[in-house]
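# Coordinate analysis (summary)
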Amino acid sequence: MRSEKRRDDNQPPSLFDNLDLFAAKPEKDDGTSAEAAPAGEAASGDAALPALPPAGLTGTGPMQALFDFNFRQYSAYVICSRAIPALEDGLKPVQRRIMHSLWEKDDGRYTKVANIVGHAMQYHPHGDASIGDALCVLANKLWGKGLGYLIDGQGNYGSLLTGMPHAATRYIECRLTELARKEVFNKKTTTYVPNYDGRKEEPVYLPAKVPLLLMLGADGIAVGLSTAILPHNFIELLEAEIAILQKKPFAVYPDFQLGGVMDVSDYQDGLGKVKVRAKIEKEGKGLVITELPWGETTDSLAASIEEAIRKKKVGVRKMHDLTSDTVRIELELATGENADKAITALYAFTNCEKSLSSRPIVLDAGRPKLMRVSEILQRNVERLMDLTKREQEIRLGELDELFHARTLDRIFIEERIYKRIETEKTYEGVKATIRTGFEPFLKELRHPEIADADIERLLKIPIRRISQFDINKNREEIEGILKEEAQVKDNLAHLRAFVTKYLKGLIKEYAKRYPRHTRIEQGAFKQVDVRAITASELTIRWDKENGYVGSGLKGGDEVFKCSSLDELVLVWKDGRYKKVQPEDKVFVDKGLLAILRYNQEKDRDARTFTCIYEEGGYGFSYIKRFTFGGLIRNKEYRLAPEKPKSKILLFTEGCGETLYVKYKPAKGQKIHQQFFRPTDLVDRVSRETGKAEKKPVVEVRAAGAKGKQLTTKPIARASFTKGAWWDESEAPSKGVLD
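These lines cover the structure that appears in this document, whether it is placed above or below. (Residues numbered from 1 in each chain as written. Predicted model: local features only at pLDDT ≥ 70, side-chain atom pairs only at ≥ 80, totals over all residues. Heavy atoms only, no water.)

## Here we look at the layout of surface pockets
- The calculated volume of the largest pocket comes to roughly 1100 Å³.
- If you trace the largest pocket, you find 43 residues lining it, with Asp133, Val137, Lys141, Asp219 and Trp294 closest to the centre.
- Mapped onto the lining of the largest pocket, the elements with two or more residues apiece are helix H3 (62-83), helix H4 (93-105), helix H6 (128-139), strand S6 (218-221), strand S7 (226-229) and strand S14 (353-357).
- Among the elements that line the lining of the largest pocket, the one with the most residues is H6, at six residues.
- Across the lining of the largest pocket, the residue classes tally to 21 nonpolar, 15 polar and seven charged. (1 Å grid on protein atoms, 1.4 Å probe; cavity = no way out; pocket = protein on both sides within 12 Å on 5 of 7 lines; lining within 4 Å. Points joined across faces, edges and corners; volume = space filled by probe spheres on them. Helix = DSSP H or I, 4+ residues; strand = E, 2+ residues; numbered from the N terminus. Nonpolar A, V, L, I, M, F, W, Y, C, P; charged D, E, K, R; others polar.)

## Some thoughts on the nonpolar core
- Met99, Tyr149, Leu150, Ile151, Leu212, Phe234 and Leu503 are the most contacted members of the largest nonpolar core, which has 72 residues in total.
- Among the elements that make up this core, the one with the highest residue count is helix H9 (residues 234-245) (eight residues).
- Within the second largest apolar cluster, 25 residues are counted, among which are Leu258, Ile305, Tyr347 and Cys352. (Core = buried A, V, L, I, M, F, W, Y, C linked by side-chain atoms within 4.5 Å. Buried < 20%, exposed > 50% of the residue type's maximum accessible area, 1.4 Å probe, protein only.)

## Some words on the packing of helix H12 (residues 373-414) against helix H16 (residues 471-493)
- Close contact between H12 and H16 brings their axes to 10 Å; oriented N to C, the two are set at 160°. On the basis of their axis angle, the class for H12 and H16 is roughly antiparallel. For the crossing formed where H12 meets H16, the hand is left-handed.
- The class makeup of the residues in the contact of H12 with H16 is ten nonpolar, four polar and twelve charged. (Axes fitted to C-alpha atoms, helices over the stretch in contact; angles between N-to-C directions. Parallel < 35°, antiparallel > 145°, perpendicular 65-115°, else oblique. Left-handed = near helix turned anticlockwise from the far one by under 90°.)

## Examining empty space enclosed by the protein
- If you walk through the whole model with that rule in mind, you get four cavities of 30 Å³ or more.
- In this structure, the largest cavity encloses a volume near 80 Å³.
- Taken together, Lys141, Leu142, Tyr149, Met215, Leu216, Pro231, His232, Asn233, Asp255, Phe256, Gln257 and His517 form the lining of the largest cavity.
- Class assignment of the residues belonging to the lining of the largest cavity gives a composition of six nonpolar, four polar and two charged.
- Every residue along the wall of the second largest cavity is listed here: Leu87, Glu88, Asp89, Gly90, Ala208, Lys209, Val210, Pro211, Leu212, Leu213, Asn380 and Arg383.
- For the lining of the second largest cavity, a count of residues per class yields six nonpolar, two polar and four charged.

## Brief notes about helix H14 (residues 452-459)
- Looking at H14, one finds that the buried residues are Asp454, Ile455 and Leu458. Projection of H14 onto a plane perpendicular to its axis shows the buried side chains occupying an angular sector of 100°, all on one side.
- Packed against the buried residues of H14 are H12 and helix H13 (427-438). (Arc of directions from axis to C-beta. Contact = heavy atoms within 4.5 Å.)

## Observations regarding the sheet that holds strand S24 (residues 592-598)
- As summarised here, the arrangement of the four strands in space is S24-S21-S22-S27, forming an open sheet in which the pairing is antiparallel. The open sheet has two edge strands with one neighbour each: S24 and strand S27 (636-638). The mean inter-strand angle of the sheet, taken between neighbouring strand axes irrespective of direction, is 25°.
- The sheet contact formed by strand S21 (residues 567-572) and S24 spans six bridges and is antiparallel. What sits directly across from leucine 570, in S24, is isoleucine 595. (Pairing = 2+ DSSP bridges.)

## Details of the pattern of salt bridges
- Applying the stated rule across the entire model yields 49 salt bridges.
- Glutamate 414 serves as the salt-bridge partner of arginine 410, at 3.1 Å between the closest nitrogen and oxygen. Here glutamate 414 and arginine 410 lie together in helix H12, a separation of four residues that amounts to about one turn.
- By relative accessible area, which is 36% here, glutamate 414 ends up partly exposed.
- Within the structure, one salt-bridge network assembled from shared partners comprises Lys188, Arg395, Glu398 and Glu484. (Salt bridge = Lys/Arg side-chain N within 4 Å of Asp/Glu carboxyl O.)

## A short note on the packing of aromatic side chains
- Scanning the entire structure with this criterion turns up 21 aromatic pairs.
- Measuring from ring centre to ring centre gives 6.1 Å for tyrosine 598 and phenylalanine 628, while their planes differ by 85°; the resulting arrangement is edge-to-face. Taken together, the residues tyrosine 598 in strand S24 and phenylalanine 628 in the loop between strand S26 (621-627) and S27 connect sequence positions 30 residues apart. The same class applies to tyrosine 598 and to phenylalanine 628, which are both buried.
- Both rings, one in tyrosine 613 and one in tyrosine 622, keep their centres 5.5 Å apart while their planes meet at 20°; by these two values the pair is stacked.
- You can call tyrosine 613 buried: its relative accessible area is 1%.
- Grouped by ring-pair contacts, the aromatic residues Tyr577, Tyr598, Phe609, Phe626, Phe628, Tyr637 and Phe651 constitute a single cluster. (Phe/Tyr/Trp six-rings, centres within 6.5 Å; stacked < 30°, edge-to-face > 60°.)

## A short note on the sheet that holds strand S10 (residues 279-283)
- Taking strand neighbours across the sheet as the criterion, the four strands line up as S10-S11-S13-S12 in an open arrangement whose pairing is antiparallel. Only two strands of the sheet have a single neighbouring strand rather than two, namely S10 and strand S12 (316-321). Neighbour-to-neighbour, the strand axes of this sheet turn through a mean angle of 25°, independent of strand direction.
- Pairing analysis gives five bridges linking S12 to strand S13 (residues 329-333), with the strands arranged antiparallel.

## Observations regarding the state of the cysteines
- Using the criterion set out here, one finds zero disulfides in the structure.
- Here cysteine 136 is not disulfide-linked; the sulfur of cysteine 174 is the nearest cysteine sulfur, at 8.2 Å.
- We classify cysteine 136 as buried; its relative accessible area is 2%.
- Judged by relative accessible area, cysteine 174 falls into the buried class, the value being 0%. (Disulfide = S-S within 2.5 Å.)

## Focus: the environment of histidine 320
- Positionally, histidine 320 belongs in strand S12.
- Note on histidine 320: relative accessible area 30%, which makes it partly exposed.
- Spatially, the C-alpha atom of histidine 320 lies 8.4 Å from that of glutamate 332, the residues being twelve residues apart in sequence.
- Once residues lying within four places of it in the same chain are set aside, the contact partners of histidine 320 are Arg328, Ile329, Glu330 and Glu332.
- Reaching out from histidine 320, the side chain makes a polar contact with the side chain of glutamate 332 at a distance of 3.0 Å. (Polar contact = N/O pair within 3.5 Å; in protein donor to acceptor, adjacent residues only side chain to side chain.)

Pasting the structure below:
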């Protein structure tokens, strides 16, 4: 008993201390409660047993009130502060706090995502993982890979094709885009409230002048409701806003960042659904899936196809997922299967076709509301008009204050009022003297009274500015203020036209940057062009100590980042070179000279290189300019003859104007260094026309060409820039190449 008593004393009180709270209080037939029953009834045998509550949660006790209150609080919190975006700026609270944190930390440079997450936790009372995930989702809302409308990311932000998650926040970086800096933030028109602990202030809404809600799209599950808003094309939304301002009809449809094809016949202004399909093409005797429906990954789509194959619903024999930076799922058809029939079966029995429902529930003034897309756009236009009006009114007030200040400056200096305060010994006397000095000129002032703040500012004018005061410059500045005031007043008088001009300016600036990705089909689907997908990056590293190159190395030096579809050209010191695919780990030995990222389609004739090599045996040195041209993967080629001791002395992309060569010391040698001009133009007879033409001394040839003989002397150094080894005191000697 003592131990039980001690345990009870050390524990906080609990609702379970009084179990009567859990029991309902049934009413008597005559309207009196059980507590009011006569004592005689309570003494009877049946009355001594605990009363059973009625079936269902129909009681009215304190526990029910507690649960009701807590559930209402939780529901309101999830709806208003977690899952549903606001109509005013189109953002959820976590997104708004992330954007505010980015704006506070913004200096134009990339910042670690982990730093932004930590800063956002001052405003968002939740864990760092949820903030980091929300930031990466927001950063991927356009091109993927962290390249979004509002956030410019750098690093691994995951893959939208395979569902690969983003890297840890300590490894990736981000910053605001130019669109976000210009069109989403304005401290002068932002209302702030204290954050959850009262130490900071956060914005109620961001003063976004672009329709973020429909640009980004949103989905969220709250208590008792959910929202699903499909993303739309930025430029088309701006054009629709112009149509609203001009009172013209318009229609906007979703635009998915991964492209694809969709049927919008049942969209119903955002209250219906759209159908999306994967793109399936015929290739040889099989089929190739080159695009995914929105919301699917290659793994989920492949799983649904495998299930359909297992159930023999589609005539496919084998499937090969060759997706890298673009989707490529190859399907081998069963013997005798018709390709058109197989495509129809894939749309019918797999996730190659799916429906996306749209249910735009938003917070309008803090209350959830179901709205059509056109209604959301209409409200966006109204908010844009209001924000623009407030900005212009604020600017008009600033110009009025600026005019007043510049007029005070001119009178204070031009009329030498500052001289009158020299004899005053008190601050009150100084203020009175200044006000007296301005009395003859009050008609020139817009404000009849000179405030203490005006006097304080005038007293802070430095002597240098007074002595160098330029009345003409002051008048020009006042004229500029008046001119801008007239423009601002005209903007306010013709606000609708001013906003229309602003929207057209945005369209002109961003039209090429944000084209439509998803092709719209009314009714039946048709084939579409292959969409371009941003390549995922690989980091190529070179472990010189162990002789390895690849994207999977943990050690070594980082050379460059490339796509998995790019190819690499490896050049060795002995003159060998070959083209390979970027792999996790490739053994290259310790004689590797250079690693090049090579796109054969674009670079075969566009990129030129310069090589100086020493031929084995005789020791003569040659220079040549060349292009790699078409190369067969994993086949070995040579820049220098295959002789013992042949070696590359210089390998570089492009060709400098002057080549500096330092020779090895030799007995009786008079010339120790020379310079050459490989790009100088000389007369050469054209083989095609037979006429003399100006061509470089060292022309661009194939990589296997021998090149021009540079010298017979052993070379110690060769470079297109002067190094410390170049002796400026020695008389320059120009070498001959032709």
